Amino acid sequence: MPPLPPHLVLVLVASSLLAGALAALAILIATHNKEMPEKPGQKSASGDHPTDDLSDTAIAQNPEALGGALLQTLTKTIAHLSVGIAIFDKDGRMVLFNPALMELSSLPLDLLTKRPRLFDFFDQLRTQGILPEPKDYAKWRNQYMQLGNNAPDLLEELWSLPSGLTYRVTAQSLRNGNMSLMIEDISNELSATRGIRARVRQNECILNSIDEPLCVFSGTGHLSFSNRAFKERWGTPEARSVGKMNDAISRWKAQTTLNANWGKLAAFSEQLDHRNEWSFDAAFLDGDSYSVRVNPVTGGGTMLRFLRQDAMDSLFETAQSRLQVDGARSIFATDGKAI
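The shown structure was predicted, so the numbers you read here are calculated from the model rather than taken from an experiment.

(A) A look at the overall build of the protein chain. Scanning the protein chain from terminus to terminus reveals 12 helices and 10 strands. The buried share among the 339 residues of the protein chain stands at 40%. Counting only contacts in the protein chain whose residues sit at least 6 apart along the sequence, the fraction spanning at least 24 positions is 46%. Here the protein chain displays about 18,700 Å² of accessible surface, and carbon together with sulfur accounts for 53% of that area.

(B) Highlighting the pairing of strand 9 (residues 289–297). Counting buried residues in strand 9 gives 8 out of 9 residues, a clear majority hidden from the surface. The sheet contact formed by strand 8 (residues 278–283) and strand 9 spans 6 bridges and is antiparallel. Bridge assignment links Ala283 to a residue of strand 9, and that residue is Ser289. Connecting strand 8 to the antiparallel partner strand 9 that follows it, the hairpin turn spans 5 residues, and Gly287 within it adopts a positive phi of roughly 105°.

(C) Spatial organisation of the confidence of the model for the protein chain. In this model, the protein chain carries a mean pLDDT of 76, and residues with pLDDT of at least 70 account for 68%. Model confidence for the protein chain, summarised as mean pLDDT per element, is weakest for helix 2 (residues 56–61) at 40 and strongest for strand 8 at 95. A low-confidence stretch, residues 313–320 stays under pLDDT 50, and its non-local contacts, those more than four residues away or across chains, total 14 contacts. Every residue in residues 334–339 is under pLDDT 50, and counting partners more than four places away or in other chains gives 9 contacts.

(D) A look at the nonpolar core. Ranked by size, the top nonpolar core spans 28 residues in total, and within it Phe121, Phe122, Tyr144, Trp159 and Leu181 carry the most contacts. The biggest single contributor to this core is helix 6 (residues 118–128), with 4 residues. Other than its neighbours up to four places away in sequence, Phe122 contacts Leu131, Tyr137, Trp140, Arg141, Tyr144, Trp159 and Leu181. Core analysis: the next-biggest nonpolar cluster, separate from the first, contains 22 residues, Cys215, Phe217, Trp234 and Phe306 among them.

(E) How the structure looks around the sheet that holds strand 5 (residues 179–185). The strand order across the open sheet built from 5 strands is 2-1-5-4-3, with neighbouring strands paired in antiparallel fashion. The open sheet has two free edges, formed respectively by strand 2 (94–97) and strand 3 (154–160), since each of these has just one partner strand. The average angle at which neighbouring strand axes cross in this sheet is 15°, direction not considered. Two elements, strand 1 (residues 84–88) and strand 2, share 3 bridges in a ladder whose sense is antiparallel. Among the inter-strand pairings, Ile87 is bridged to a residue of strand 2, identified as Leu96. The sheet strands contacting helix 6 are strand 1, strand 2, strand 3 and strand 5, and the helix crosses strand 5 at an angle near 15°.

(F) Main features of the pairing of strand 6 (residues 214–217). Neither face of strand 6 is open: one carries Leu214 and Val216, the other Cys215 and Phe217, and all of them are buried. Taken together, the 4 bridges between strand 6 and strand 10 (residues 301–308) define a ladder with antiparallel strand orientation. Bridge pairing in strand 10 places Phe217 opposite Thr302. Bridge count between strand 6 and strand 7 (residues 223–226): 3 bridges; the pairing is antiparallel. The residue bridging Phe217 from the neighbouring strand is Leu223, located in strand 7. The loop that links strand 6 with its antiparallel partner strand 7 comprises 5 residues; one of these, Gly221, has a positive phi angle of about 90°.

(G) The pattern of salt bridges, seen in detail. Across all of its chains, the model carries 9 salt bridges by this definition. Across the pair Arg168 and Glu184 runs a salt bridge, and its minimum N-O distance is 3.0 Å. Placement of Arg168 in strand 4 (residues 166–173) and of Glu184 in strand 5 is noted, with a sequence separation of 16 residues between them. You can call Arg168 partly exposed: its relative accessible area is 27%. Of the charged contacts, one joins Arg168 and Glu189 as a salt bridge, the two residues approaching to 3.5 Å between their closest N and O atoms. Highlighted residues: Arg168 in strand 4 and Glu189 in helix 8 (residues 187–208), separated in sequence by 21 residues. Three or more residues joined by partner-sharing salt bridges are found here, namely Arg233, Asp286, Asp288 and Arg308.

What counts as what
Residues numbered from 1 in each chain as written. Predicted model: local features only at pLDDT ≥ 70, side-chain atom pairs only at ≥ 80, totals over all residues. Heavy atoms only, no water. Helix = DSSP H or I, 4+ residues; strand = E, 2+ residues; numbered from the N terminus. Buried < 20%, exposed > 50% of the residue type's maximum accessible area, 1.4 Å probe, protein only. Contact = heavy atoms within 4.5 Å. Areas by Shrake-Rupley, 256 points an atom, 1.4 Å probe, with all protein chains shown as cover. Pairing = 2+ DSSP bridges. pLDDT = per-residue confidence, 0-100. Core = buried A, V, L, I, M, F, W, Y, C linked by side-chain atoms within 4.5 Å. Axes fitted to C-alpha atoms, helices over the stretch in contact; angles between N-to-C directions. Salt bridge = Lys/Arg side-chain N within 4 Å of Asp/Glu carboxyl O.

Listed below in structure tokens is the structure:
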């Protein structure tokens, strides 16, 4: 399995840290609610008065009321995040939210400070058009309330909104029956990913139209792309004819006359620096002779182009074709299926 891209690793680490922070914050809130003495004339947490528990405004504006520097730090931290965060207590009431939630939900401050229930919160999102319309809205909404109750404690969804935006929504049950809800706008991320995929498909079409075999091996030595001519000549990765750089070199070495350049190619594929374009001639035992062009690609990958000796003036060597191939060096630097 190829290693995860660095940006994805950072996202996963950040998500884990954020989830841990939210869990700690929920525990502190729950602990405070249990330990906070009742004031004269105020009902306990089981009452129906709107002042039963601390409101979002109280938590955001006076975090010291909950006690502890840790809670104050966590509250200030989520206040500056671009991810919308809300925490609901075991009764389904919102007990904490950050400014990003207001921006992403388009809900007014006065509504959120009234500690809406989770169902009411979703109803307001639906009214604002910040919610995809499921086939069974009541059933869909109820799955959030069932988190942790004989059901998975984590729920992740992508919301494709009528406005064209896409939200990643993550709900997780926390300790003492609390639940965290995170809303993230990933529209730009998806747009960039779709752009990369479009470029990959475009390059695939261009390179498949070339008559000369061409392939790209990733920095880990796995075949990440091969054009149609290459597959017809040496087989597809699915047939395991060519899957790894070392296996491919061993096969080509056995099918050609004695040639020390195959060993040089193996060493080149493992180099981390001083990777410059070079070429060598290879005479195959079946009568075909190629000029093998070796091009480094970003990420430590290697591109191989097999130019038949009797077709050096083919379209593949025109300026336009060379530009298209050179442009593919970066786009196929990693496994195209993983982009």
